[in-house]
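This is what each chain is made of:
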Amino acid sequence: MPSRPPIVIAHRGASAYRPEHTLAAYQLAIEQGADFIEPDLVPTRDGVLVARHENALSDTTDVAARKDFADRRTTKTIDGEPVTDWFTEDFTLAELAALRTRERIPDIRPANSAFDGHFGIPTLAEIIQLVRDAERDTGRRVGIYPEIKHPTYFRHTGRHLDGRPIGMDLGAMLVAELRRLDFTDPARVYIQSFEPASLLALKRETLPQHGLAIPLVQLIGDVTNRFVNAGGGGFSRPFDLVYHARNGDDLDAIYGMQLASVIRRGGGWEAGYGALASAEGAAAIAGYADAIGPWKLLIFPRRQLPDPADGDDDGRAEITQQLTGEQTPLVRMAHAAGLAVHPYTLRPEEPFLALSAAGAPQSFRDELTQLLAAGVDGLFSDDPAAARAAVRAHQATAP
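So, a few notes on the structure that sits alongside this text.

**Some details on the side chain of Glu177**
If you trace the backbone, Glu177 turns up in helix H5 (residues 170-180). Residue Glu177 is classed as buried on the basis of its relative accessible area, which comes to 18%.

**Some words on the pattern of salt bridges**
Throughout the structure, instances matching the rule amount to 28 salt bridges. Arg226 is the salt-bridge partner of Asp222, the closest N and O atoms lying 3.5 Å from each other. Of the charged contacts in the structure, one is a salt bridge between Asp382 and Arg347, with a shortest N-O distance of 2.9 Å. Here Arg347 lies in the loop between strand S14 (340-341) and helix H11 (364-373) and Asp382 lies in the loop between strand S15 (378-381) and helix H12 (384-397), a separation of 35 residues in the sequence. Of the two residues examined, Asp382 and Arg347, each falls in the buried class. Each member of the salt-bridge network shares a partner with another, and the members are Arg12, Glu20, Asp40 and Arg104.

**A look at the nonpolar core**
If you look at soluble globular proteins, the nonpolar side chains tend to sit buried side by side. In this structure, Ile37, Ile144, Leu178, Ile191 and Ile299 are the most contacted members of the largest nonpolar core, which totals 110 residues. Leave out the neighbours within four places in its chain, and Ile299 touches Pro294, Glu326, Gln327, Thr328, Leu330, Val331, Val341, Pro343, Leu371, Ala374 and Val376.

**Points about unusual backbone geometry**
Backbone torsion omega between Tyr344 and Thr345 reads -20°, so that peptide bond is classified as cis. For Thr345, the position within the fold is in the loop between S14 and H11. The phi dihedral of His150 is positive, around 45°, even though this residue is not glycine. Inspection of the secondary structure assignment puts His150 in the loop between strand S8 (147-148) and helix H4 (151-157). Take His150: its relative accessible area is 14%, and that puts it in the buried class.

**Here we look at empty space enclosed by the protein**
Counted according to the given criterion, the structure contains one cavity of 30 Å³ or more. Its volume calculated, the largest cavity comes out at about 50 Å³. Lining the largest cavity are Lys296, Leu297, Phe300, Arg302, Leu323, Gln362, Glu367, Gln370 and Leu371. Of all the elements, H11 adds the most residues to the lining of the largest cavity, at three residues. When grouped by side-chain class, the residues that make up the lining of the largest cavity number four nonpolar, two polar and three charged.

**So, the layout of surface pockets**
Looking at the largest pocket, its volume works out to about 1,200 Å³. Taken together, 47 residues form the lining of the largest pocket, with Arg12, His53, Glu54, Phe194 and Phe235 sitting closest to its centre. Going through the elements one at a time, strand S6 (81-85), S8, strand S9 (191-193), strand S12 (302-309) and strand S13 (319-323) are the ones with two or more residues in the lining of the largest pocket. By residue class, the composition of the lining of the largest pocket is 20 nonpolar, 13 polar and 14 charged.

**Quick look at the side chain of Arg188**
Of note, Arg188 is situated in the loop between H5 and S9. The exposure class of Arg188 is buried, given its relative accessible area of 10%. Engagement of the side chain of Arg188 in a polar contact is seen with the side chain of Glu135, the distance being 3.1 Å. Those residues in contact with Arg188 that lie beyond four places of it in its chain are Phe36, Val131, Glu135, Arg141, Val142, Gly143, Ile144 and Phe183.

**Things to note about the packing of aromatic side chains**
Within the structure shown, the criterion is met by 13 aromatic pairs. Ring geometry for Phe115 versus Phe119: centroids 6.1 Å apart, planes at 20°, classification stacked. Each member of the aromatic cluster is reached from another via a ring pair, and the members are Phe194, Phe227, Phe235, Tyr273, Trp295 and Tyr344. Taking NZ or CZ as reference, Arg72 lies 5.0 Å from the ring centre of Phe91, over its face. Stacked on the ring of Phe352, the Lys or Arg Arg347 has its end atom at 5.1 Å from the ring centre.

**Examining the packing of helix H3 (residues 124-138) against H5**
In helix packing, the relevant descriptors are the interaxial angle and the interaxial distance, both defined with respect to the helix axes. For the pair H3 and H5, the least separation of the axes is 11 Å and the interaxial angle reads 40°. One way to sum up the angle between H3 and H5 is to call them oblique. The handedness of the crossing between H3 and H5 is right-handed. Across the interface between the two elements, Leu124, Ala125 and Ile128 from H3 touch Leu174, Glu177, Leu178 and Arg180 from H5.

**A few points about the packing of helix H6 (residues 196-209) against helix H8 (residues 251-265)**
H8 packs onto H6 with a crossing angle of 100° between their chain directions and a minimal axis gap of 10 Å. Relative to H8, H6 is oriented roughly perpendicular. Between H6 and H8, the residues in contact are Pro196, Ala197, Leu200 and Arg204 and Ala253, Ile254, Tyr255, Gly256 and Leu259, respectively. Across the contact of H6 with H8, the residue classes break down as seven nonpolar, one polar and one charged.

Quick notes on the rules
Along every chain, residues carry numbers that run from 1 in the direction the sequence is written. In view of the model being predicted, local features appear only for residues whose pLDDT reaches at least 70, and side-chain atom pairs are presented and counted only at 80 or more, with totals across whole chains, interfaces and linings using the full set of residues. The side-chain numbers reported here are obtained from all heavy atoms of the structure, hydrogens and water having been left aside. Segments assigned H or I by DSSP are reported as helices when at least four residues long, segments assigned E as strands when at least two residues long, and all are numbered from the N terminus. Exposure is judged per residue with a 1.4 Å probe applied to protein chains only, and the accessible area is read against the type maximum: over 50% gives exposed, under 20% gives buried, and values in between give partly exposed. Here, a salt bridge means any Lys or Arg side-chain nitrogen found within 4 Å of an Asp or Glu carboxyl oxygen. By convention a nonpolar core is built from buried Ala, Val, Leu, Ile, Met, Phe, Trp, Tyr and Cys residues, the set being connected through side-chain atoms within 4.5 Å. Contacts were defined at the residue level, with two residues in contact if any of their heavy atoms lie within 4.5 Å. Think of a 1 Å grid over the protein atoms and nothing else: a 1.4 Å probe that fits but is trapped marks a cavity, an open set flanked by protein within 12 Å on at least five of seven lines marks a pocket, and residues with an atom within 4 Å of a point count as lining. Grid points are joined across faces, edges and corners, and a volume is the space filled by probe spheres set on the points. Polar here means any residue outside two lists: the nonpolar Ala, Val, Leu, Ile, Met, Phe, Trp, Tyr, Cys and Pro, and the charged Asp, Glu, Lys and Arg; Gly therefore counts as polar. Residues adjacent in sequence count toward polar contacts only when both atoms are side-chain atoms; beyond that, a polar contact is any pair of N or O atoms within 3.5 Å, and within protein one must be able to donate a hydrogen and the other to accept it. Ring pairs are drawn from Phe, Tyr and Trp, using the six-membered ring of Trp, whenever the two centres fall within 6.5 Å, and their geometry is named by plane angle: stacked under 30 degrees, edge-to-face over 60, tilted for the rest. A ring has a charge above it when a Lys NZ or an Arg CZ is no more than 6 Å from the ring centre and no more than 35 degrees off the ring normal. Whenever a helix is involved, its axis is fitted only over the stretch in contact; in every case the axis is a line through C-alpha atoms, and angles between N-to-C directions fall within 0 to 180 degrees. Oblique is the label for any angle not under 35 degrees, not over 145, and not in the 65 to 115 range, which are roughly parallel, roughly antiparallel and roughly perpendicular in turn. Handedness of a crossing follows from how the near helix is turned relative to the far one, being left-handed for an anticlockwise turn of less than a right angle and right-handed for a clockwise one.

Have a look at this one:
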């Protein structure tokens, strides 16, 4: 693997300090030293890519308080899960521009609630302009690390409020927009997805059609099948596998014989990410992607505590997990296949931390240092400043 320093990826911006996926969060992340800022992308009804973690809007905007949009609330099935909410694909860009953002987890990040109502929903074009402005002002190059959200839903299974199929190819839309905005330097863009079919389509068709070679990242969720919903999707299973297998589609044609073989040998499509997080899976992923983005628990597993622990002596017992003391071979297997490893998500607040295997509270800096010592090539962090400091310290002690 290259010897470049591990990269700092601002997860949804500096979201420990500002409401996520706002221009303010991205701007602060750049100021804190992020190498890349991460926008999750979903479409508007008129086909504009905007930054939201989900296409459902009520957790991060004031849409529920807007009487003029009350009739947009509906129930849809997204990746096998029924969700009742307001959805970006049922709003034009002009309508979305009327909404104001708010903090998604105010109980954990109460300081961020002070910014509720201050910011709008940014488009991909606005995010790229922000990056260009920062480069002009600082002379420092910053990249973007967009995720295409729910690609199977938007292309195959999703419907608008009026019942018409959505039929949007988010990967193709993203590449076309990057090309239009002339932001296609492969050193400044990674494209990520949880669904391998979307990445394979980018690798085989969309990027070559545009003459581009942007690096791709296969995200990997839980491997224990603990998070599978009644519709077959969830954090343990890529929904594209569910959709194509149930539809009787030719998996060899969609995924290629190597990856399809790994899926079958690993327990079939129902095994989900467990089939990908293996030496054979890494070798297959290397055929279409340049990196993996694994859930951090796939490197350092945790167990649930019988009773929560108070790690910072503030009278609130908020730590619910403990490290098992194990380090899996995932980083080594990925590197052997030529893949970089960028785990997610590093968050500084106590509810996201764990006890060490010995039972002592692990600080946020401890967690960052532990992953860097494991040889990861980048970190998704809600606190880019802390991640940058940890990378600098790691580099200072590296042989």
